[in-house]
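The residues making up each chain are set out below.
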Amino acid sequence: MACKTKTCLGFHLFLLVACYMQHFVGGSSPKVRCLFIFGDSFSDSGNNNYIPTTAKANYSPYGIDFPRGPTGRDNNGKTEIDIIGERLGLKKFIPPFANILGSNILQGVNYASASAGIRNETGKRTAGTNIAYGQQIENHKTIVAQIAAKLGGVKNAKKYLKKCLYYIYIGTNDYALNYFQSNLYPTSRMYNPKEYAKVLIDQYSAYGKVLYNLGARKFVAVGLGKIGCTPMVLANSSVNGPCVEELNDIEAIFSHKLRSLVDKINTKYPDSKTIFRNTTAIILDGSRGFTVLNASCCPMKKSNGFCIPDSTPCPNRSEYVYFDGIHPTEAANKYTASLSYDSTNNPKITYPMDIKHLAHLRIKIRKNYICVPK
């Protein structure tokens, strides 16, 4: 009897060790098979280069520190999701949907579009054409169909896609280029701040369900930053101080509701996992090497915050939080990406886990055993 007990205990110990190894031990291979990116100018890598809009960054001084020069990325170098992709072990940058010719779509596609929002009309009256979140999902449907054709059917495609990561950073423009533009949009007269945030979250949730039905199972939902602290807002404000807190407070309602939505999604869809990134919990200040917190590194257009074409940016870009009037420098993106990927020492930044643990997460049921990393 004692021998049988030891055998049983040993078998259970083996299962626990195997479960740990399965979820948390990574090698040199990519942590995820593919990465799909939805969002706005914080993630756009060239989709706006080919559409009539003033919200594009395919000119100097953008890309001054990027190997390929100006590509459409709205800063001096890599975007946050570029850097996260590197941390995930992906060998190449995820290509923009507008330029996937010759690219391996099985590694992922970037659908993000500068000035875009959750709402279809967002940004269009201020900057021109963009690819709203809904259209980004339509573009993803096109890619999913191509992946299904490559892999031999929809069933195989969904089996493949459930191991991919879906990064969603959108909503800033629904405020900056919609709700806060009362002379161009009626939304601030139609809804109070809480109502508007609910409208956005309801639409965000509906789009998430579409992605789930297309095979997505791992989501990163990024909360909004502090628009009231950006150089563009400060340049157009009479407020004396480092931030226009009224704008930050209104935006924060959306992020609070987004975190609550994450809990609801994880309860409703136990075969998927969504995490929330609390952008406002990331502090970029002198203790992190940033000495210029609220000024643009490049000479910017006061009207939209983008760099003046062919202007000369600051030489000490690693000390600036912002490259232009809205978008962080590569240095700021590196710090933010690092904490988002691994927030072990900063648990307030991601919830309920960080990107590293989400990437390794697998839920498999074998007989009566379920391996679920905590």
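Residues numbered from 1 in each chain as written. Predicted model: local features only at pLDDT ≥ 70, side-chain atom pairs only at ≥ 80, totals over all residues. Heavy atoms only, no water.

Peer 1: So what exactly am I meant to see when it comes to the overall build of the protein here?
Peer 2: For the protein, the count of helices and strands is 12 helices and 9 strands. Looking at the 374 residues of the protein, the share that counts as buried comes to 53%. Of all intrachain contacts in the protein linking residues separated by at least 6 positions in sequence, the fraction that spans at least 24 positions is 70%. For the protein, the accessible surface area stands at approximately 17,400 Å², while carbon and sulfur atoms represent 56% of it. (Helix = DSSP H or I, 4+ residues; strand = E, 2+ residues; numbered from the N terminus. Buried < 20%, exposed > 50% of the residue type's maximum accessible area, 1.4 Å probe, protein only. Contact = heavy atoms within 4.5 Å. Areas by Shrake-Rupley, 256 points an atom, 1.4 Å probe, with all protein chains shown as cover.)

Peer 1: Just checking my understanding: could you explain the packing of aromatic side chains for this structure?
Peer 2: The geometry of an aromatic ring pair is captured by the separation of the ring centres together with the interplanar angle, meaning the angle of the planes. Scanning all chains against the criterion turns up 22 aromatic pairs. Arranged with centres 5.3 Å apart and planes meeting at 40 degrees, the rings of Phe 66 and Phe 93 form a pair that is tilted. Taken as a pair, Phe 66 in the loop between strand 1 (35–39) and helix 2 (80–87) and Phe 93 in the loop between helix 2 and helix 3 (124–127) lie far apart in primary sequence, 27 residues in all. Each member of the aromatic cluster is reached from another via a ring pair, and the members are Phe 36, Phe 38, Phe 97, Tyr 111, Tyr 133, Tyr 166, Tyr 204, Tyr 207, Phe 219 and Phe 254. One residue, Arg 217, lies across the ring of Tyr 212, its end atom 3.7 Å from the ring centre. A cation sits over an aromatic face here: Arg 259 above Tyr 351, 3.7 Å from the ring centre. (Phe/Tyr/Trp six-rings, centres within 6.5 Å; stacked < 30°, edge-to-face > 60°. Lys NZ or Arg CZ within 6 Å of the ring centre and 35° of its normal.)

Peer 1: Help me understand helix 4 (residues 133–151), please; the structure alone is not making it clear to me.
Peer 2: Since one α-helical turn is 3.6 residues long, residues separated by three or four positions face the same way. End to end, helix 4 covers 26 Å across 19 residues, agreeing with the expected 27 Å (1.5 Å per residue, within 8%). Of all the residues in helix 4, the buried ones are Tyr 133, Gly 134, Gln 136, Ile 137, Asn 139, His 140, Ile 143, Val 144, Ile 147 and Ala 148. Next to the buried residues of helix 4 lie strand 1, helix 5 (154–161), strand 2 (165–169) and helix 8 (193–213). Positive backbone phi, at 90 degrees, marks Gly 152, one or two positions downstream of helix 4. (Expected span 1.5 Å × (residues − 1).)

Peer 1: For this particular structure, what's the right way to read helix 11 (residues 330–341)?
Peer 2: With 12 residues, helix 11 extends 16 Å between its outermost C-alpha atoms, agreeing within 8% with the 16 Å of an ideal straight helix rising 1.5 Å per residue. By the burial criterion, the buried members of helix 11 are Glu 330, Ala 332, Asn 333, Thr 336, Ala 337, Leu 339, Ser 340 and Tyr 341. Turning to helix 11, the residues buried within the fold contact helix 2, strand 4 (273–277), strand 6 (320–322), strand 7 (350–351) and helix 12 (355–360).

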